[in-house]
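Report on the structure
Here is what each chain is made of, one letter per residue.
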Amino acid sequence: LEFPLELGDNPSVREGPPVTLSWIPQKIKETKLDYYEVFRERRRDRSGLFLSTSARTETLLSEGYTEEELQLAAAECEKAKSERILSASKVMPL
């Protein structure tokens, strides 16, 4: 199964809009396991699992999201991060 990327809400991104996987599959593709094992790409290291801000933005714009929607989502993530920091400081004072 292949799942498209959507505008997300996870505030763990460093900057810019977050992405998430859709719950609705875009394509269903069957591949024999032996074929997959022979031709699959090499496993990515940890740094290869992250999308840059520009890659996330470009992907979301190509999916039909507007600049305004991306800016709003990024602002909401920044607000959530600030609230988490404030909450943590009240529980565990420095």
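Being a predicted model, the structure only gives us computed values, none of them experimental.

**Remarks on helix α3 (residues 67–91)**
For α3, built from 25 residues, the straight-helix expectation of 36 Å at 1.5 Å per residue is met to within 8% by its first-to-last C-alpha distance of 36 Å. Contacts made by the buried residues of α3 are with β1 (5–7) and α2 (53–62).

**So, the environment of Leu51**
The topology assignment puts Leu51 in the loop between α1 (33–39) and α2. Residue classification places Leu51 among the partly exposed residues on the basis of a relative accessible area of 41%. With 33 residues separating them in the primary sequence, Leu51 and Pro18 have C-alpha atoms 9.6 Å apart. Aside from chain neighbours lying at most four places away, what touches Leu51 is Leu5, Val19 and Arg56.

**Quick notes on the pattern of salt bridges**
Within this structure, the stated rule accounts for three salt bridges. Across the salt bridge formed by Glu83 and Lys79, the nearest N and O atoms sit 3.9 Å from each other. Here Glu83 and its partner Lys79 are both found in helix α3, four residues apart, which amounts to about one turn of the helix. Classification of Glu83 by relative accessible area gives partly exposed; the value is 45%.

**Some remarks on α2**
Among all positions of α2, only Arg56, Thr57 and Leu60 are buried. Buried residues of α2, viewed axially, fall in a sector of 95°; they line one side. More than 90 degrees from the buried face of α2, the exposed residues found are Ser54, Glu58 and Ser62. On the buried face of α2, the contacting elements are β1, β2 (19–21) and α3.

**Some remarks on the side chain of Arg56**
Relative to the assigned elements, Arg56 resides in helix α2. In this structure Arg56 is buried but unpaired, with Glu15 as the nearest side chain of opposite charge at 6.9 Å. Discounting residues that sit within four places of it in the chain, Arg56 has contacts with Val13, Glu15, Gly16, Pro17, Pro18, Val19 and Leu51.

**Quick word on a nonpolar patch on the surface**
On the surface, a nonpolar cluster with roughly 430 Å² of combined accessible area is contributed by Leu1, Phe3, Leu21 and Ile28. Structurally, the position occupied by Ile28 is in the loop between β2 and α1. Looking at Ile28, the relative accessible area reads 68%, which means it is exposed.

**Side note on the confidence of the model for the protein**
Across the protein, the average pLDDT comes to 90, with 98% of residues at 70 or higher. Between the elements of the protein, mean pLDDT differs from a low of 87, seen in α1, to a high of 96, seen in α2.

How each quantity is defined
- Residues numbered from 1 in each chain as written.
- Predicted model: local features only at pLDDT ≥ 70, side-chain atom pairs only at ≥ 80, totals over all residues.
- Heavy atoms only, no water.
- Helix = DSSP H or I, 4+ residues; strand = E, 2+ residues; numbered from the N terminus.
- Expected span 1.5 Å × (residues − 1).
- Contact = heavy atoms within 4.5 Å.
- Buried < 20%, exposed > 50% of the residue type's maximum accessible area, 1.4 Å probe, protein only.
- Salt bridge = Lys/Arg side-chain N within 4 Å of Asp/Glu carboxyl O.
- Arc of directions from axis to C-beta.
- Lys, Arg positive; Asp, Glu negative; His and termini not counted.
- Patch = residues over 30% accessible without salt bridge, like charges linked within 9 Å, V, L, I, M, F, W, Y side chains within 5 Å.
- Areas by Shrake-Rupley, 256 points an atom, 1.4 Å probe, with all protein chains shown as cover.
- pLDDT = per-residue confidence, 0-100.

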